[in-house]
Amino acid sequence: MLINLFTVSNLICFVVSFGLFLFALIVGKTKSQKIFSIFNFFVFLWGLSNFLAGTLLDKTQIHWAWRFAYISGPLIAAVFYHLVECFFELPKRIFLRINYALAVFCLFVGIL
């Protein structure tokens, strides 16, 4: 198990985002608060997989941790855009659908 600045920063990232996820999930009542909870869940998955990629020693396990991080990355961007659109009550546009479509495309590419 390797501990360096990369792993420490990702440890902080996934611990804080998991706490925010739980807090927003329990307390959140509005649509934007629920989307904020989903956003923090994907940040938690990304931080956890980066932490694992930085601490594991087996190359196969590291490879799978990086792939998992790559899968959650595009979803973070799509959900963040949805959060901003919902929080600022922007008119619904086609950009949200395009953003999710691109995220799903990148998700499938990351799985391959």
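The written sequence of each chain sets the order in which its residues are numbered from 1. Note on the predicted model: pLDDT of at least 70 is required for a residue's local features to be given, and 80 or more for side-chain atom pairs to be given and counted; whole-chain, interface and lining totals, by contrast, use all residues. Hydrogen atoms and water are omitted, and side-chain values are computed over all heavy atoms in the structure.

**Focus: the packing of aromatic side chains**
Stage number 1. Aromatic contacts are taken between Phe, Tyr and Trp rings whose centres are within 6.5 Å, Trp giving its six-membered ring; a plane angle under 30 degrees counts as stacked, one over 60 as edge-to-face, and the others as tilted. Under the defined criterion, the tally for this structure stands at ten aromatic pairs.
Stage number 2. Taking the centre distance of 6.1 Å and the plane angle of 40° together, the rings of F18 and F21 count as tilted. Within this pair, F18 and its partner F21 are both found in helix α1 (residues 5-27), separated by three residues, close to a single helical turn.
Stage number 3. Looking at F21, the relative accessible area reads 14%, which means it is buried.
Stage number 4. With centroids separated by 4.9 Å and ring planes inclined at 45°, the aromatic side chains of F18 and F44 adopt a geometry described as tilted. In this pair, F18 is assigned in helix α1 and F44 in helix α2 (residues 31-55), connecting sequence segments 26 residues apart.
Stage number 5. For every residue, the accessible area (1.4 Å probe, protein chains only) is compared with the maximum for its type, and the residue is labelled buried under 20%, exposed over 50%, or partly exposed between those bounds. When its relative accessible area of 33% is taken as the criterion, F18 is described as partly exposed.
Stage number 6. With a relative accessible area of 14%, F44 lands in the buried category.
Stage number 7. In this structure an aromatic cluster arises from ring pairing among F14, F18, F21, F41, F42, F44 and F51. Comment: elements are numbered from the N terminus, with helices defined as DSSP H or I runs of at least four residues and strands as E runs of at least two.

**Notes on helix α3 (residues 59-87)**
Stage number 1. By this rule the span expected of a helix is its residue count minus one, scaled by 1.5 Å. Counted at 1.5 Å a residue, the expected span for α3 with its 29 residues is 42 Å, and the 41 Å between its end C-alpha atoms agrees.
Stage number 2. E89, located one to two residues past α3, shows a positive phi value of around 50°.

**As for the packing of α2 against α3**
Stage number 1. Between α2 and α3, the shortest axis-to-axis distance is 8 Å and the interhelical angle comes to 160°. In terms of orientation, α2 and α3 fall into the roughly antiparallel class. In the packing of α2 onto α3, the handedness of the crossing is left-handed.
Stage number 2. Taken together, the residues of the contact of α2 with α3 break down into 22 nonpolar, six polar and one charged. Every angle, taken between N-to-C directions, lies between 0 and 180 degrees, and every axis is a line fitted to C-alpha atoms, over only the stretch in contact when it is a helix. Convention used here: angles under 35 degrees read as roughly parallel, angles over 145 as roughly antiparallel, angles from 65 to 115 as roughly perpendicular, and any remaining angle as oblique. Handedness of each helix crossing follows the sense of rotation of the near helix against the far helix: counterclockwise by less than a right angle gives left-handed, clockwise gives right-handed. Nonpolar residues are Ala, Val, Leu, Ile, Met, Phe, Trp, Tyr, Cys and Pro. Charged residues are Asp, Glu, Lys and Arg, and all others, Gly as well, are polar.

**What to know about α1**
Stage number 1. With 23 residues, α1 ought to run about 33 Å at 1.5 Å a step, and its terminal C-alpha atoms sit 33 Å apart, in line with that.
Stage number 2. For α1, the full list of buried residues reads T7, N10, F14, S17, F21 and A24.
Stage number 3. Residues are treated as being in contact if the distance between any of their heavy atoms lies within 4.5 Å. Tucked into the core, α1 has its buried residues touching α2.
Stage number 4. For this analysis, a polar contact is any N or O atom pair within 3.5 Å, provided that within protein one partner can donate a hydrogen and the other can accept it, and provided that sequence-adjacent residues contribute only side-chain to side-chain pairs. Among the residues of α1, the N-terminal cap falls to N4, whose side-chain oxygen and the backbone nitrogen of F6 are separated by 3.2 Å.

**Here's the deal with the environment of V79**
Stage number 1. For V79, the location among the structural elements is in helix α3.
Stage number 2. Take V79: its relative accessible area is 4%, and that puts it in the buried class.
Stage number 3. Placed 39 residues apart in sequence, V79 and N40 show a C-alpha to C-alpha distance of 9.4 Å.
Stage number 4. Setting aside its immediate chain neighbours within four residues, V79 contacts I35, I38, F39, F42 and Y100.

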